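# Fold and contact review
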Amino acid sequence: MGLLDGKTALITGAARGIGKAIALRYAAEGANIAFTDLAVNEETEAEIAALGVKCKSYASNAADFTETETLVKQVKEDFGTIDVLVNNAGITKDGLMLRMTEQQWDAVIGVNLKSAFNFIHAVVPVMMRQRGGSIINMASVVGVHGNAGQANYAASKAGMIALAKSIAQEMGPKGIRANAIAPGFIETAMTAALPEAVREDWMKKIPLRRGGKPEDVADVALFLASDLSSYVSGQVIQIDGGMNM
């Protein structure tokens, strides 16, 4: 028996990285997986389906409200239920405020924050009819503490946290939980591209003296998706090796 047997999880931006790790972790615990990315990813779809669950990849511009409404209706038709929503889609366009363009700001807010609104808005009616569900917003420690050169990204992730808390208050009476995960320095393709000096500086700030793995985030996402966290809502869990206490 898996922790998510019989449940369907919809995960945005899950073709790779943290999103893919969450999808694989959920599938290993019996969840059927619907995941989105900018294009259909048959390779990831096959990898997840090999775990013995139903899986389907969808192409999605998560920042588009109308497209999201249509996609969620299709997922509901394909899978029957939507029990877990993980808002993981995100981008970065870093720059100091004095040099940041309107396009950089709008793009990050659109993909990171508006997409979460789009998917929650579309999924909540489904979960209300089911009298339950778990919504997980993928935030970041910079959404809690800020970060120079990332005003747009930090603002979007802070918004994800406030959005989760607000939905937890609104939808709690309907049996719907909402929480946020705030990863710190996680070893992904994005962080691997950072200069070594930057990586070393990060490590000095982390009491555990190492970066996290996508699987570390996936384990917490599993907890929040499952009945193990049935009385946990409106919370922000930092996964950062103790970097920010």
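Read on for an overview of the structure. What you see is a predicted model; the values in this text were computed from it and never measured.

Rules and cut-offs
- Residues numbered from 1 in each chain as written.
- Predicted model: local features only at pLDDT ≥ 70, side-chain atom pairs only at ≥ 80, totals over all residues.
- Heavy atoms only, no water.
- Helix = DSSP H or I, 4+ residues; strand = E, 2+ residues; numbered from the N terminus.
- Rg over C-alpha atoms; globule rule 2.2 N^0.38 Å.
- Buried < 20%, exposed > 50% of the residue type's maximum accessible area, 1.4 Å probe, protein only.
- Contact = heavy atoms within 4.5 Å.
- Areas by Shrake-Rupley, 256 points an atom, 1.4 Å probe, with all protein chains shown as cover.
- Lys, Arg positive; Asp, Glu negative; His and termini not counted.
- Charge placed at Lys NZ, Arg CZ, Asp CG, Glu CD.
- Phe/Tyr/Trp six-rings, centres within 6.5 Å; stacked < 30°, edge-to-face > 60°.
- Pairing = 2+ DSSP bridges.
- Axes fitted to C-alpha atoms, helices over the stretch in contact; angles between N-to-C directions.
- Salt bridge = Lys/Arg side-chain N within 4 Å of Asp/Glu carboxyl O.

Another aspect to go through is the overall build of the protein. Across its full length, the protein carries 9 helices and 7 strands. Computed over its C-alpha atoms, the radius of gyration of the protein comes to 17 Å, within 12% of the 18 Å expected for a compact globule of 245 residues. For the protein, the proportion of its 245 residues judged to be buried stands at 49%. By sequence separation, contacts in the protein at least 24 residues apart represent 68% of the contacts at least 6 residues apart. Counting every atom, the protein has about 11,400 Å² of accessible surface; 55% of that belongs to carbon and sulfur. Across the protein, the mean location of the 23 positive side-chain charges is 4 Å away from that of the 26 negative side-chain charges.

This brings us to the packing of aromatic side chains. Both the distance between ring centres and the angle between the ring planes are used here to describe each pair of aromatic rings. Across all of its chains, the model carries 2 aromatic pairs by this definition. Judged by centre distance (5.1 Å) and plane angle (45 degrees), the rings of Phe185 and Trp202 are tilted. In this pair, Phe185 is assigned in the loop between strand 6 (176-183) and helix 7 (189-192) and Trp202 in helix 8 (residues 196-204), connecting sequence segments 17 residues apart. Judged by its relative accessible area of 4%, Phe185 is buried.

Taken together, 7 strands build an open sheet; the order of strands is 3-2-1-4-5-6-7 and the sheet is parallel. The sheet is open, and its two borders are formed by strand 3 (55-59) and strand 7 (236-239), each paired with just one other strand. The average angle at which neighbouring strand axes cross in this sheet is 15 degrees, direction not considered. Examined bridge by bridge, strand 6 and strand 7 share 4 bridges and lie parallel to one another. By the bridge assignment, Ala180 is partnered in strand 7 with Val236. Sheet strands in contact with helix 2 (residues 42-49) are strand 2 (32-37) and strand 3, and its direction is about 160 degrees off that of strand 3. On top of the sheet, helix 9 (residues 214-225) reaches strand 4 (84-87), strand 5 (133-138), strand 6 and strand 7; it is set at about 165 degrees to strand 6, its chief contact.

The next point concerns the side chain of Ser140. Relative to the assigned elements, Ser140 resides in the loop between strand 5 and helix 5 (141-145). Beyond its immediate stretch of four places on either side in the chain, Ser140 contacts Tyr153, Lys157, Ile181, Ala182 and Pro183.

Turning to the pattern of salt bridges, a few remarks are in order. Opposite charge on two side chains allows them to pair when their charged atoms are near. Inspection of every chain in the model, using the stated rule, returns 10 salt bridges. Asp37 is the salt-bridge partner of Arg16, the closest N and O atoms lying 3.4 Å from each other. Highlighted residues: Arg16 in the loop between strand 1 (8-11) and helix 1 (17-28) and Asp37 in strand 2, separated in sequence by 21 residues. Measuring nitrogen to oxygen at the nearest pair gives 2.8 Å for the salt bridge that ties Lys20 to Glu47. With Lys20 in helix 1 and Glu47 in helix 2, this residue pair connects regions lying 27 residues apart in the sequence. One network of salt bridges, with partners in common, ties together Arg25, Glu29 and Asp219.

Shape is all these values report; function is a separate question.
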